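For reference, the chains in residue letters:
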Amino acid sequence: MLSKVLVANRGEIAVRVIRACRELGIATVAVYSDLDRSALHVRMADEAHALGGQTAAESYLNTEAILDVIERTGADAVHPGYGFFSENADFARAITARGVAFIGPNPEAIEVMGDKISARQAAERVGVSGVPGTTDLITDPEQVRAFGAEHGYPVAIKAAYGGGGRGMKVVADESAVEEAIESAQREALSYFGRDEIYMERYLEQPRHVEVQVLADSHGNCVYLGTRDCSAQRRHQKLIEEAPAAGIDPEVLAAMGEAAVKVAQGCDYVNAGTVEFLYEDGQFYYLEMNTRLQVEHPATELVTGIDLVEQQIKVASGEPLPFTQEEIEISGHAIEVRINAEDPAEGAFLPSPGPITGLRAPSGYGTRWDGGYEAGDEISQFYDNLVGKLICWGRDRPTAIARTLRALDEMEVSGVATTIPADKAILAHPDFAALTHSTKWVEETLDLTGVKSAPASPPSDTEPLVQRDIDVEVNGQRYSVKMWVPETASAPSAAPASGGAKRPKRAAASKSGGSAGSGEVTVPMQGTIVKVMVAAGDTVEAGDPIVVLEAMKMENNVCAEKSGTIAEVRVSEGDSVGGGDVVAVIE
Ligand code: MV4
């Protein structure tokens, strides 16, 4: 059995993994960026080590820094959580080359599934079909017109090296083929750095149904039922449930068996998820996610199986302790993602800042997987998932009622959250009747007038400064770094060197640009996903100007001063670098 796990992540998933390790008697090593110095995952782990840096690229994606912590701590495994290094074959190879286990699949499986065409071919090889389409790259618009003539429109054009729906273009009829190809290639290049594209028939009202699989290193592979993740907006899931409801059990079983075939076809080991689209009684393979997913607890509540425990045991070389026949789905579970975003008017604007109050619900069938406590701060630099509420009920209506009850008990202050949107979805008759699809939140759900939490009161927490202090432990002299309030009197062992150094605070760079210059700049490299203003608009200081997607998250870039927009220099889909001017205010 593994003895010390380095958790290469932060927030709720790092906490989740630390909890599983503690139950198994395994020591935990947290790593942290400068901003996460005293984050919840750091407080909970047995030991914690700094990676340095603020952005994900400088910290949680710094391979050298993580390898260094592995060396220093003697960790014998790394759990990558989701995001960051979880689907990075090079990272998995770098640690396994040093004899350290990667708690996840083999790098070859990560690579096969990372490329959408090879992932489709891998499924086809084992007789699992995707949406009718091709595994050939599109080189000539004539290919698309021939496909449209045979299978009908609309046709979906997708990025071969993409994912998450970015770069997908829907072609309504043959007159739109050329333009769709060009724009799909342009987007693919800007998001993924490669412009290869392929096509499929486009399904108009699909549900997103996925299958949890678990495989060991002895050739055993099982599926742990299904989840429905159709309640999403702009490819961000809001609510997930297990099992997928209102679908013939035989179809669900066939989907489960297809998922196992896909996993076995690529010698998959550890936990993974096979995604399908479901429409009119038919299911179609979409892709495989080679990681533990955010929504894994919904499966845990209906199977009674701790997925993280199983991941660790599989990575330790143990065989699965159950067979497919022994897995039973009991009742229904709903997971609600609570993000620090303001859903008012359907905008879902990021709302970073300090959490001044947080009360999680409890009671029968109610689980809270949080990444923060009151007093912690949601940084604009990372995913803004505050935590997940997962409720179990003996059937779907009971689970819905319980989740609504729990959401009523939940209190988060200081930041706006997605709770009002979550409630609107759960209370909607379409959701109860299962007539929703992947487009329902964006096209049907009405979020006008939805109230977000009251605005954040000004933070009265004093900024901390760094002081270097010399201490003696068991007769050995150490120099320690301390983070203390600026006004605190210097400890008696006065700083020998360095003196006070003020850390850069997240809030300070909330909107880029030097104050007052009127130039609105982006704080980091990324893609413009929304432009909120046009030349001539009047804006107030603090108004969002553009939404920047960086490190898989959306960040608001705001006006630093009030005035009139003189110029907008970017449009949706543009790639920008840190410090680029996106608009000018006069
Ligand atoms: C599709 C589709 C309809 N037809 N492919 C979006 C995410 C990416 N992994 C695949 N996606 C889709 N592919 C065909 N041929 C609709 C979607 C889709 C979607 C899929 C799953 C969950 C949410 C979605 C939201 C919009 C579109």
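The structure displayed is predicted, hence computed values, not measured ones. (Residues numbered from 1 in each chain as written. Predicted model: local features only at pLDDT ≥ 70, side-chain atom pairs only at ≥ 80, totals over all residues. Heavy atoms only, no water.)

Participant: Looking at this structure, I do not really get the sheet that holds strand β30 (residues 563–568). What am I missing?
Facilitator: Sheet strands pair by backbone hydrogen bonding; their relative direction is either parallel or antiparallel. Here we have four strands laid out as an open sheet, ordered β25-β32-β30-β27, and antiparallel in their pairing. Only two strands of the sheet have a single neighbouring strand rather than two, namely β25 (519–521) and β27 (538–539). Bridge count for β30 against strand β32 (residues 581–585) is three bridges, and the pairing is antiparallel. Paired with Glu567 across the bridge in β32 is Val584. (Pairing = 2+ DSSP bridges. Helix = DSSP H or I, 4+ residues; strand = E, 2+ residues; numbered from the N terminus.)

Participant: What exactly am I supposed to notice about the pairing of β32 here?
Facilitator: Each regular strand displays side chains that alternate between the two surfaces of the sheet. When you tally the buried positions in β32, you get five out of five residues, the bulk of the element. Here β25 pairs with β32 via three bridges, running antiparallel. By the bridge assignment for β32, Thr521 is matched with Val581. (Buried < 20%, exposed > 50% of the residue type's maximum accessible area, 1.4 Å probe, protein only.)

Participant: What am I meant to see in the environment of Asp36 here?
Facilitator: Among the structural elements, Asp36 can be located in the loop between β2 (27–32) and α2 (40–44). Since its relative accessible area comes to 5%, Asp36 is described here as buried. Sequence separation of Asp36 and Tyr82 is 46 residues, and the distance between their C-alpha atoms is 18 Å. When residues no more than four places from it in sequence are discounted, the contact partners of Asp36 are Arg10, His41, Val42, Tyr60 and Tyr382. A polar atom in the side chain of Asp36 sits 2.6 Å from the side chain of Arg10. (Contact = heavy atoms within 4.5 Å. Polar contact = N/O pair within 3.5 Å; in protein donor to acceptor, adjacent residues only side chain to side chain.)

Participant: Is there a simple way to explain the site of the ligand in this structure?
Facilitator: Around the ligand, the structure places 16 residues, and the nearest of them are Lys158, Glu200, Arg201, Leu203 and Glu287. Arg201 places a main-chain nitrogen or oxygen 2.7 Å from a nitrogen atom of the ligand. At 2.9 Å from a nitrogen atom of the ligand is found a side-chain nitrogen or oxygen belonging to Glu287. Secondary-structure elements contributing two or more residues to the shell around the ligand are β8 (197–201) and β13 (282–289). (Near = heavy atom within 4 Å.)

Participant: What's the story with the nonpolar core in this structure? I'm lost.
Facilitator: Inside soluble globular proteins, nonpolar side chains tend to come together where they are buried. In this structure, Leu6 and Ile545 are the most contacted members of the largest nonpolar core, which totals 45 residues. Secondary-structure elements contributing two or more residues to this core are β2, α3 (63–73), α4 (89–96), β28 (544–550), β29 (553–558) and β32. The greatest single-element share of this core, amounting to five residues, is contributed by α3. Among residues more than four places away in sequence, those in contact with Ile545 are Val520, Val531, Met532, Val533, Val539, Val557, Cys558, Ala559, Ile565 and Ala583. (Core = buried A, V, L, I, M, F, W, Y, C linked by side-chain atoms within 4.5 Å.)

Participant: Explain the environment of Glu279 to me, please; I cannot follow it from the model alone.
Facilitator: Relative to the helices and strands, Glu279 resides in strand β12 (residues 270–279). Residues Glu279 and Arg125, spaced 154 residues apart in sequence, show a C-alpha to C-alpha distance of 23 Å. Residue contacts for Glu279: discarding those within four places in its chain leaves Arg201, Leu203, Glu204, Gln205 and Pro206. A polar contact is formed between the side chain of Glu279 and the backbone nitrogen of Glu204, at a distance of 3.3 Å.

Participant: For this particular structure, what's the right way to read the sheet that holds strand β11 (residues 236–242)?
Facilitator: Reading across from one edge, β13-β12-β9-β10-β11-β14-β21-β19 is the order of the eight strands in this open sheet, with antiparallel pairing throughout. Lying at the two open borders of the sheet, with one neighbouring strand each, are β13 and β19 (366–370). Within the sheet, the average angular offset between the axes of one strand and its neighbour, ignoring direction, is 25°. The pairing of β19 with strand β21 (residues 385–393) spans five bridges and is antiparallel. Paired with Arg367 across the two strands is Ile390, which belongs to β21. (Axes fitted to C-alpha atoms, helices over the stretch in contact; angles between N-to-C directions.)

Participant: Looking at this structure, how should I read the pattern of salt bridges?
Facilitator: Between side chains of opposite charge, a pair can form as their charged atoms come close. Enumeration according to the criterion identifies 36 salt bridges in this entry. Between Glu178 and Arg145 there is a salt bridge; the shortest N-O distance is 3.2 Å. Remark: Arg145 occurs in helix α7 (residues 141–151) and Glu178 occurs in helix α8 (residues 177–192); sequence separation between them is 33 residues. Judged by its relative accessible area of 36%, Glu178 is partly exposed. Among the ionic pairs, Asp470 bridges to Arg477, the shortest N-O distance being 2.9 Å. Relative accessible area serves as the criterion here: at 60%, Arg477 is assigned to the exposed category. Where salt bridges share partners, they join Glu210, Arg227, Lys237, Glu240, Glu295 and Arg337 into one cluster. (Salt bridge = Lys/Arg side-chain N within 4 Å of Asp/Glu carboxyl O.)

Participant: What is the right way to look at the confidence of the model for the protein in this model?
Facilitator: Detailed conclusions should not be drawn from predicted coordinates in areas where pLDDT is low. Looking at the protein as a whole, the pLDDT averages 91, with 93% of positions reaching at least 70. Overall, residues 492–515 carries pLDDT values under 50, and its contacts beyond four positions in sequence, including any with other chains, amount to 47 contacts. (pLDDT = per-residue confidence, 0-100.)

Participant: Please explain the packing of helix α12 (residues 396–409) against helix α13 (residues 419–426) as it appears in this structure.
Facilitator: For any two helices packed against each other, one specifies the crossing angle of their axes together with the interaxial distance. As a packed pair, α12 and α13 sit with axes 10 Å apart at the nearest point and diverge in direction by 155°. Taken together, the axes of α12 and α13 are roughly antiparallel relative to one another. The element α12 and its partner α13 pack so that their crossing is left-handed. Only Ile419, Asp422, Lys423 and Leu426 of α13 make contact with α12, whose side of the interface consists of Ile400, Thr403, Leu404, Leu407 and Asp408. Classifying every residue of the contact of α12 with α13 by side-chain character gives five nonpolar, one polar and three charged. (Parallel < 35°, antiparallel > 145°, perpendicular 65-115°, else oblique. Left-handed = near helix turned anticlockwise from the far one by under 90°. Nonpolar A, V, L, I, M, F, W, Y, C, P; charged D, E, K, R; others polar.)

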